[in-house]
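# Coordinate analysis (summary)
If you want the building blocks of each chain, they are given just below.
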Amino acid sequence: MSSKNESLWLASGIAGENQARALNLPLEFTRVVVGDANGNYPPMDNTITALVNERITGEVLDHRLDPNDANQRIVDMAIPPSLDFDAVELLLYAKYGEIEFPHTYFRLAAQYPIRTLENGGSQATLKFTIRVSEHSDFSVFLVPSLSHVDQEQFDESHNSAFITKDTVANINRNKLHIFLNHADLQIPDSSGDKFQFMVDDSVDLNTGTCRVLAPSGQQMTVSGITSDIADIQDVGVIHTALKINGVWKV
């Protein structure tokens, strides 16, 4: 176990920045995924492209140039109180155009408790200084609804959508869709690029199905396979649907 929080500029992050500069495109930090690493402490490795056990997706609140070092950025990230677990590692993503890539890996000095509102949790905000190239063009990304909000406003912006019948997904605010019954969740063909979904523990998947459907007339990739339907196989696990290069990935 480390005695301090650590961050590592990934090989994919360096390659992504180089490609962005070659195409003369600005970079934007997009999201952060958080995992519990199954209670272990993985080694720091710049070839990491995924967490050991991803649990939840958080937001990038803002980022800014370190006033003392042109090769560093100060990044503020928020983890919503929508799942109970102990965070160990994080993976920060960036993108140029519509190409998203893992940029920086974080390992926490100690397990950080993430809890739901029912269990006394609140928005967890983390600040990290990360390495970048001084030659990369970063656009400042900001989530106005989360940057400076009180708890009531935060809860409203991150409230869950409860699914009891066939429903169209809300893809504008990374909202968590919770199936309380067997139903289909349709991805709309509209603006928005991510949302989360899970099946409540009360739903018996042996007696019916909970499915995510691709936008009408389109297909998505489900665990790397092209399909128009994602049949959810587990309960109590948060999954993320993300649109990359115009294609939804589940």
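This report concerns the structure included in the present document. What you are looking at is a predicted structure, and each value in this text was computed from that prediction instead of being measured. The numbering scheme is per chain: residues are counted from 1 as the chain's sequence reads. Since the coordinates come from a predicted model, pLDDT governs what is reported: local features require at least 70, and pairs of side-chain atoms require 80 or more to be given and counted, while whole-chain, interface and lining totals use all residues. Side-chain figures throughout are based on the complete set of non-hydrogen atoms in the structure, without hydrogens or water.

## A closer look at the environment of Val33
Under the scheme used here, helices are H or I runs from DSSP no shorter than 4 residues and strands are E runs no shorter than 2 residues, and both carry numbers assigned from the N terminus. Structurally, Val33 can be placed in strand β2 (residues 28–35). For Val33, a relative accessible area of 1% corresponds to the buried category. Residues Val33 and Leu90, spaced 57 residues apart in sequence, show a C-alpha to C-alpha distance of 5.6 Å. Residues contacting Val33, with those up to four places away along its chain left out, are Leu51, Glu54, Ile56, Thr57, Glu89, Leu90, Leu91 and Tyr93. Type-normalised accessible area, obtained with a 1.4 Å probe on protein chains alone, sets the label of each residue: buried when under 20%, exposed when over 50%, and partly exposed for intermediate values. Between two residues, a contact is recorded if the distance between any of their heavy atoms is within 4.5 Å.

## What to know about the sheet that holds strand β7 (residues 124–131)
On the basis of which strands lie adjacent, the open sheet formed by seven strands has the order β1-β6-β5-β2-β3-β4-β7 and antiparallel pairing. Whereas interior strands pair on both sides, the edge strands pair on one side only; in this sheet they are β1 (6–9) and β7. Taking the axes of each pair of neighbouring strands and ignoring which way they run, one obtains an average angle of 25° across the sheet. Bridge analysis of strand β5 (residues 85–96) against strand β6 (residues 99–114) gives eleven bridges, and the strand direction is antiparallel. In this analysis, strands are considered paired if DSSP registers two or more bridges between them. Comment: axis = line fitted to C-alpha atoms, over the contacting stretch for helices; angle = value between 0 and 180 degrees taken between N-to-C directions.

## Things to note about the pairing of strand β3 (residues 54–66)
By the bridge criterion, five bridges tie β2 to β3 in an arrangement that is antiparallel. The partner of Val33 across the bridge, within β3, is Thr57. Pairing analysis gives seven bridges linking β3 to strand β4 (residues 69–79), with the strands arranged antiparallel. Bridging from a neighbouring strand, Leu65 pairs with Arg73 of β4. Counted between consecutive antiparallel strands, the loop separating β3 from β4 contains two residues.

## Considering the pairing of β7
Residues Ala124, Leu126, Phe128 and Ile130 point to one face of β7 and are all buried, whereas Thr125, Lys127, Thr129 and Arg131, pointing to the other face, are not buried. Where β4 and β7 come together, eight bridges link them in antiparallel fashion. In the strand pairing of β7, Gln72 is matched with Arg131.

## Overview of helix α1 (residues 11–22)
A helix's residues, less one, multiplied by 1.5 Å, set its expected span. Taking 1.5 Å per residue as the helical rise, α1 with its twelve residues ought to reach 16 Å, and the 17 Å between its terminal C-alpha atoms agrees with that figure. Among the residues of α1, those classed as buried are Gly13, Gly16, Glu17 and Ala20. Axial view of α1: buried residues confined to an arc of 100°, hence all on one face. Those residues of α1 that are buried are in contact with β1, β5 and β6. Downstream of α1 by one or two residues, Asn24 has phi in the positive range, about 60°. Directions drawn from the helix axis to the C-beta atoms are what define this arc.

## Let's talk about the environment of Gly58
Relative to the elements of secondary structure, Gly58 occurs in strand β3. Take Gly58: its relative accessible area is 0%, and that puts it in the buried class. A C-alpha to C-alpha distance of 9.8 Å links Gly58 and Gln123, two positions 65 residues apart in sequence. Setting aside its immediate chain neighbours within four residues, Gly58 contacts Arg31, Val32, Ala78 and Pro80.

By themselves, these observations are geometric and do not establish any function.
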